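As a plain string of letters, each chain reads:
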Amino acid sequence: MGFVSILGFAHQLIEARLKPGEAAIDATAGNGVDTVFLARQVGAEGCVYAFDIQESALASTAARCAREVPDRQVELLHRSHAEMAAAIPEHWHGRIAAVTFNLGYLPGHDHSTITLPDSTLQALDSAAKLLRRGGVITIVVYSGHPGGETEAAAVDRWAAGLPQDGYQAMTYRFVNQRNHPPYVIAVEKR
Ligand SMILES: C[S@@+](CC[C@H](N)C(=O)[O-])C[C@H]1O[C@@H](n2cnc3c(N)ncnc32)[C@H](O)[C@@H]1O
């Protein structure tokens, strides 16, 4: 039967927590796979905020949302996820149920546009504050591209340094795959 895939595992963690009517954030919209997944979970009453710094990625996410979840409230934000705290309306602060990150570059688009440690860590700090209790952050981490290993190490350290009384942090990874397989870091707010 095989183990659950990396993305499937991240989605399972979110499915168990994100409820209709809630708000969620896709920190790296790309082609919108996670955005649509989150939009399905929150239903027509909830909302999703999706960030990307590439216009072509947001266009792709917009097209996917129009096709797959036309009735959902999805706000596309053409700005860095480092600005997450300022970009998310105040009334959702402390009430966000899920934040997804999918690091690295977007296949089929500009491969030189990658997530970077400084902005990623800034966004993760904001995400941890924006979450409600029981809310979850999932981070799919890639280390195979130039710069990926440095970012992965920074994110590992960030997660390991979270105070135990405020957060639970874990990893899900395959340990015998070739070529730097991606892995998930997940954080739940207590
Ligand atoms: C691996 S892709 C995401 C894939 C996406 N989850 C999907 O379903 O297709 C990473 C995305 O992060 C975006 N990105 C890079 N730096 C960013 C930043 N500082 N803020 C927001 N998005 C960023 C890239 O433009 C790229 O589209």
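Thresholds applied
Residues numbered from 1 in each chain as written. Predicted model: local features only at pLDDT ≥ 70, side-chain atom pairs only at ≥ 80, totals over all residues. Heavy atoms only, no water. 1 Å grid on protein atoms, 1.4 Å probe; cavity = no way out; pocket = protein on both sides within 12 Å on 5 of 7 lines; lining within 4 Å. Points joined across faces, edges and corners; volume = space filled by probe spheres on them. Helix = DSSP H or I, 4+ residues; strand = E, 2+ residues; numbered from the N terminus. Nonpolar A, V, L, I, M, F, W, Y, C, P; charged D, E, K, R; others polar. Near = heavy atom within 4 Å. Polar contact = N/O pair within 3.5 Å; in protein donor to acceptor, adjacent residues only side chain to side chain. Areas by Shrake-Rupley, 256 points an atom, 1.4 Å probe, with all protein chains shown as cover. Sits in = over half its atoms within 2 Å of the grid points. Core = buried A, V, L, I, M, F, W, Y, C linked by side-chain atoms within 4.5 Å. Buried < 20%, exposed > 50% of the residue type's maximum accessible area, 1.4 Å probe, protein only.

Asks: How should I be thinking about the layout of surface pockets in this particular structure?
Replies: Rolling a probe over the atoms, with the probe sized like a water molecule, indicates the empty space that remains. Roughly 610 Å³ of internal volume is contained in the largest pocket. Looking at the largest pocket, it is lined by 32 residues, and the ones nearest its centre are T28, N102, G104, Y105 and L106. For the lining of the largest pocket, the secondary structure elements donating two or more residues are α1 (6-15) and α2 (33-42). Residues that form the lining of the largest pocket fall into these classes: 16 nonpolar, 13 polar and three charged.

Asks: Can you walk me through the site of the ligand in this structure?
Replies: Surveying the vicinity of the ligand reveals 23 residues, the closest of which are N31, V33, D52, Q54 and H81. H81 has a polar backbone atom sitting 2.9 Å from a nitrogen atom of the ligand. Bound to the protein, the ligand loses 95% of the 600 Å² it would expose on its own. Of all the cavities here, the one that holds the ligand is the largest pocket. In terms of residue class, the shell around the ligand is built from nine nonpolar, 12 polar and two charged.

Asks: Quick question: what am I supposed to make of the nonpolar core here?
Replies: Side chains of nonpolar character tend, in soluble globular proteins, to be buried together. Grouped together as the largest cluster of nonpolar side chains are 33 residues, with contacts concentrated most on M84, F101, I137 and I139. Among the elements that line this core, the one with the most residues is helix α5 (residues 117-130), at five residues. Counting 14 residues, the second-largest nonpolar core is a separate cluster that includes I14, F37, V69 and A98.

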